[in-house]
Amino acid sequence: MKEIARKNIKEIVPYEPGKPIKEVERELGIKGIVKMASNENPLGPSPKALKAIRECLKDLNRYPDGGSFYLKERLAKEFGLEKKNFILGNGSNEIIELAIRTFMNEGDEVITAEPSFLIYKISVRIEGGKPVLVPLKDFAYDLPRMREAVTERTKLVFIANPNNPTGTSVGKDELEKFLNGLPEGIIVILDEAYNEFVECKDFPNSLDYLNRGNVIILRTFSKAHGLPGLRIGFGIASTELIDLMNRTRQPFNVNSLAQAAALASLDDKAHVERIKKLVREGKEYLYKEFDSLGLFYQKSDTNFILVDIKGDGRKVFEKMLREGVIIRDMNAYGLKNFIRVTIGTRKENKKFISALKKVLIK
Ligand SMILES: Cc1ncc(COP(=O)(O)O)c(C=O)c1O
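Calculation notes
Residues numbered from 1 in each chain as written. Predicted model: local features only at pLDDT ≥ 70, side-chain atom pairs only at ≥ 80, totals over all residues. Helix = DSSP H or I, 4+ residues; strand = E, 2+ residues; numbered from the N terminus. Rg over C-alpha atoms; globule rule 2.2 N^0.38 Å. Buried ≥ 20, exposed ≤ 12 C-beta atoms within 10 Å, placed from the backbone. Contact = placed C-beta atoms within 7 Å. Near = placed C-beta within 6 Å. Nonpolar A, V, L, I, M, F, W, Y, C, P; charged D, E, K, R; others polar. Domains from an automatic or database assignment. Pairing = 2+ DSSP bridges. Axes fitted to C-alpha atoms, helices over the stretch in contact; angles between N-to-C directions. Left-handed = near helix turned anticlockwise from the far one by under 90°.

**So, the overall build of the protein**
When helices and strands are counted, the protein shows 12 helices and 13 strands. Taking 2.2 N^0.38 as the reference for a compact globule, 362 residues should give roughly 21 Å; the C-alpha atoms of the protein span a radius of gyration of 20 Å, in line with that estimate. Along the three orthogonal principal directions, the C-alpha set of the protein runs to about 55 × 55 × 50 Å. When each of the 362 residues of the protein is scored for burial, the buried share is 44%. Counting contacts in the protein only where the partners sit at least 6 residues apart, residues at least 24 apart contribute 74% of the total.

Written out as C-alpha cells, the structure is:
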C-alpha cells in the first residue's frame, strides 16, 4: 500500500496523557475520582484570573492580540527584561516545537536525557531530527555525559530543570560547566516548567545565561498558576533567538482568555504562594508515608514524586483507578516498577495513600 504519512511519523509512539477524570468516571461508573496524574494545581486558577477571563468573554468575536502586548509588557517588568525577550506559546509545549522548527535541520542531532519529558523526542522525530538520549545518572541529568555526546551534528540540547518524571534538578556549577565551552551555534533549552516548586539551594538563575551562548528558558502557566486548560507558556531568550522563533509561530497562537488570565495571575502572588505551601507540605506528608511503607522515592523539586512500588506500575495504576485515584504508571518512560503521583490537596493525598496501601497488599 502507498505510504501516506510523512517519513518518521509511523515510528512515533503517541504521547499518552494522564487519564481525564470524566473518562474514568464513564469507564468505571464511579464518582468522586481524584486526579493526581498530570502535575496540575489542585487549588485551581487564581480568582483574579477567573475574573479576567469573564471580562474577556464578550470580546471572543475578535482575534486575540497576536503580539500579546500587555502580557509581554508585564513579563518584561517581572523579569527586568524587554518585551522582545519573550515569546508566548500555546503551552510551553508549543515553544518546544517552535524551537525545533526554527533551529533544527533534518538529520540534526538533539541531545536530551532518558527518561525525561517525552515531548522533546517526539517533537524532534516529527521534524526529522535525531534524538540523542543520554541515560540519567542516579535519576538526574548526567551533564558530563551529555557534553561528551555533542558532535558536529548537534543542534539543540533540552534540559528539563527540574526533570519530569524524576523531579531532580541540575545545580548551578554543573550547568555552568556544561554551558562553558559548548560549541557555538548549539541552542540549549532550559525547560523550567516546575521552577516555582524548586527547593534545591544551588538551583541556577537561568536568566544569568541569556547572553551567554544560545539559551532559551521555558516557563509555563500550567503548573503553579493552575491554567493548563487554557494552554499558555512562554520562552525567554535573546532578542535574536526570539525574532527567529517568531517567524515560525502562527499569528494567533495564544488565545485571548489565556493572555488575560496569565496577566491577572501574575498579579496574584499570594495564590502561587498557597500552592507552593500545599506542595511543600504534601511532599513532606507523602515522603513520611512512603518511608513507613518502605518504598523508595526520589526527593522532588517539583509538584510530583516518582515512587518505586517494587512491582508492575501499570497494574498498580489500574487498581488505583478502581479505588478512585488517577496516577501515572511509568511504562512510557521505561520505568516499569514506578509510579508518578502529583501532590494533591491534603484530602487527596490521604485518599491516595489509603488507596495505595490497599492496592499494595492486595
Ligand atoms: C518538563 C515539562 N515541560 C513542559 C511541560 C508542558 O507544559 P505546558 O502545559 O506549558 O505545555 C510539561 C508538562 O507536563 C513538563 O513536564
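**Examining the site of the ligand**
Surveying the vicinity of the ligand reveals 13 residues, the closest of which are G91, N93, T220, S222 and G233. In terms of residue class, the shell around the ligand is built from 4 nonpolar, 8 polar and 1 charged.

**Remarks on the domain arrangement of the protein**
As assigned here, the protein comprises domain 1 (9-44 + 270-361) and domain 2 (47-266). With centres defined by C-alpha atoms, the gap from domain 1 to domain 2 works out at 25 Å. Listed by partner, the interface residues are 26 residues for domain 1 and 25 residues for domain 2. Top contributing element to the side of domain 1 that touches domain 2 by residue count: helix 10 (residues 269-293), with 4 residues. When grouped by side-chain class, the residues that make up the side of domain 1 that touches domain 2 number 13 nonpolar, 8 polar and 5 charged.

**Some words on the sheet that holds strand 3 (residues 109-114)**
Hydrogen bonds between backbone atoms are what pair the strands of a sheet, whose relative direction is either parallel or antiparallel. The 7 strands are arranged 2-8-7-6-5-3-4 in an open sheet whose pairing can be described as mixed. Edge positions in the open sheet fall to strand 2 (86-89) and strand 4 (130-135), since each of these has one partner strand only. Within this sheet the neighbouring strands show an average axis-to-axis angle of 25°, counted without direction. Direction of pairing for strand 2 relative to strand 8 (residues 233-236): antiparallel, over a ladder of 4 bridges. Across the sheet, the residue bridging to L88 is F234, located in strand 8. Contacts between helix 8 (residues 239-246) and the sheet are confined to strand 2, strand 7 (214-220) and strand 8, with strand 2 contributing the most and set at about 35° to the helix.

**Observations regarding the sheet that holds strand 10 (residues 304-308)**
An order of 9-10-13-12 is seen for the 4 strands of this open sheet, with the pairing classed as antiparallel. A single partner strand is all that each edge strand has here, and the edge strands are strand 9 (296-298) and strand 12 (328-329). Pairing of strand 9 with strand 10, which is carried by 3 bridges, proceeds in the antiparallel orientation. Among the inter-strand pairings, Y297 is bridged to a residue of strand 10, identified as V307.

**Let's talk about the packing of helix 4 (residues 92-103) against helix 5 (residues 118-126)**
Their axes nearest at 10 Å, the elements helix 4 and helix 5 cross at an angle of 40°. Judged by the sense of rotation from one axis to the other, the crossing of helix 4 with helix 5 is right-handed. Each of N93, I96, E97 and I100 in helix 4 lies in contact with helix 5, whose residues at this interface are I119, Y120, S123 and V124. Grouping the amino acids of the contact of helix 4 with helix 5 by side-chain chemistry returns 5 nonpolar, 2 polar and 1 charged.

**Quick notes on unusual backbone geometry**
For the peptide bond that leads from E114 to P115, omega is 0°, which places it in the cis range. One can find P115 in the loop between strand 3 and helix 5. The phi torsion at N8 lies on the positive side, around 80°, for a residue other than glycine. In this fold, N8 is placed in the segment before helix 1 (21-28). One non-glycine residue, N39, adopts positive backbone phi at about 55°.

**Focus: the environment of P162**
Its location among the elements puts P162 in the loop between strand 5 (154-160) and helix 7 (172-179). With 24 residues separating them in the primary sequence, P162 and D138 have C-alpha atoms 14 Å apart. Leave out the neighbours within four places in its chain, and P162 touches G167, T168, S169, Y194, V198, D301 and T302.

**Some remarks on the pairing of strand 10**
For a regular strand, side chains alternate in direction, first toward one face of the sheet and then toward the other. Along strand 10, 4 of the 5 residues are buried, which leaves the element largely enclosed by surrounding structure. Between the antiparallel neighbours strand 9 and strand 10 lie 5 residues. Pairing analysis gives 5 bridges linking strand 10 to strand 13 (residues 338-342), with the strands arranged antiparallel. Along strand 13, the bridge assignment pairs L306 with R340.

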